[in-house]
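Now for the letters of each chain:
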Amino acid sequence: MYTEYFGFRADPFNTTIDIRFYYSNPAYQEAYDGLLYGIRQRKGFMLLSGEVGTGKTTLLRWLMRSIEDSVRFVYFSNTKLGFEEMLSLVCDDLALTIKGNGRLRQIQEIH
């Protein structure tokens, strides 16, 4: 409906993020710079929080696309996972080979 009426070439209201629509502003730039600093200084886990619709996912997708290839990401979109499930997700996303069983082996391999 919107694309036809306004003459858009793409649907602007998809459920998946399209970073072609990324628009930087001072608040986004500050968040981006903070995340980039944390990554480059190897600060470990970082959290980006904010109200629904403020652009957190778009900013993270932009960061993941723009940073050097040597950086690997694990993106949690389901915050209802338990610790064991999150640990397995991290290991799977990073394609880690776990020798043995259990939580300790997974944590050691992540480190």
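Everything numeric here is computed off the predicted structure, so don't read it as measured data. (Residues numbered from 1 in each chain as written. Predicted model: local features only at pLDDT ≥ 70, side-chain atom pairs only at ≥ 80, totals over all residues. Heavy atoms only, no water.)

J.: Can you help me understand the packing of helix α4 (residues 83–93) against helix α5 (residues 103–110) in this one?
T.: Between two packed helices, the angle of one axis relative to the other and the distance separating the axes together describe the packing. Viewed as axis vectors pointing N to C, α4 and α5 meet at an angle of 40°, and their least axial separation amounts to 10 Å. The angle between α4 and α5 falls in the class oblique. For the element pair α4 and α5, the recorded crossing hand is left-handed. Judged by residue contacts, F83, E84, L87, S88, V90 and C91 of α4 engage R103, Q106, I107 and I110 from α5. Of the residues assigned to the contact of α4 with α5, the class counts are six nonpolar, two polar and two charged. (Axes fitted to C-alpha atoms, helices over the stretch in contact; angles between N-to-C directions. Helix = DSSP H or I, 4+ residues; strand = E, 2+ residues; numbered from the N terminus. Parallel < 35°, antiparallel > 145°, perpendicular 65-115°, else oblique. Left-handed = near helix turned anticlockwise from the far one by under 90°. Contact = heavy atoms within 4.5 Å. Nonpolar A, V, L, I, M, F, W, Y, C, P; charged D, E, K, R; others polar.)

J.: How should I be thinking about the packing of helix α2 (residues 26–40) against helix α3 (residues 56–66) in this particular structure?
T.: Their axes nearest at 11 Å, the elements α2 and α3 cross at an angle of 45°. With respect to α3, the axis of α2 lies oblique. Once α2 is placed against α3, the crossing between them reads as right-handed. For the pair α2 and α3, contact is made by Y28, A31, Y32, L35, L36 and I39 and by L59, L60, W62, L63 and S66, respectively. A class-by-class count of the residues in the contact of α2 with α3 yields 10 nonpolar, one polar and no charged.

J.: Please explain the environment of Q106 as it appears in this structure.
T.: As for its placement among the helices and strands, Q106 is situated in helix α5. Take Q106: its relative accessible area is 13%, and that puts it in the buried class. Between the alpha carbons of Q106 and P26 there is a distance of 39 Å; along the sequence they are 80 residues apart. (Buried < 20%, exposed > 50% of the residue type's maximum accessible area, 1.4 Å probe, protein only.)

J.: Before we go on, may I ask you to explain the packing of aromatic side chains in this structure?
T.: The description of an aromatic ring pair uses the distance of the two centres, along with the angle that the planes make with each other. Counted by the stated rule, this structure contains four aromatic pairs. A centroid spacing of 4.6 Å and a plane angle of 10° characterise the contact between Y22 and W62, whose relative ring orientation is stacked. Of this pair, Y22 sits in the loop between α1 (2–6) and α2 while W62 sits in helix α3, placing them 40 residues apart in sequence. Look at Y22 and you get buried, because its relative accessible area is 16%. For W62, a relative accessible area of 30% gives the class partly exposed. Put simply, the rings of Y5, F6 and F8 touch in pairs and so form one group of aromatic residues. Here the basic side chain of R61 rests over the ring of Y75, its NZ or CZ set 4.6 Å away from the ring centre. (Phe/Tyr/Trp six-rings, centres within 6.5 Å; stacked < 30°, edge-to-face > 60°. Lys NZ or Arg CZ within 6 Å of the ring centre and 35° of its normal.)

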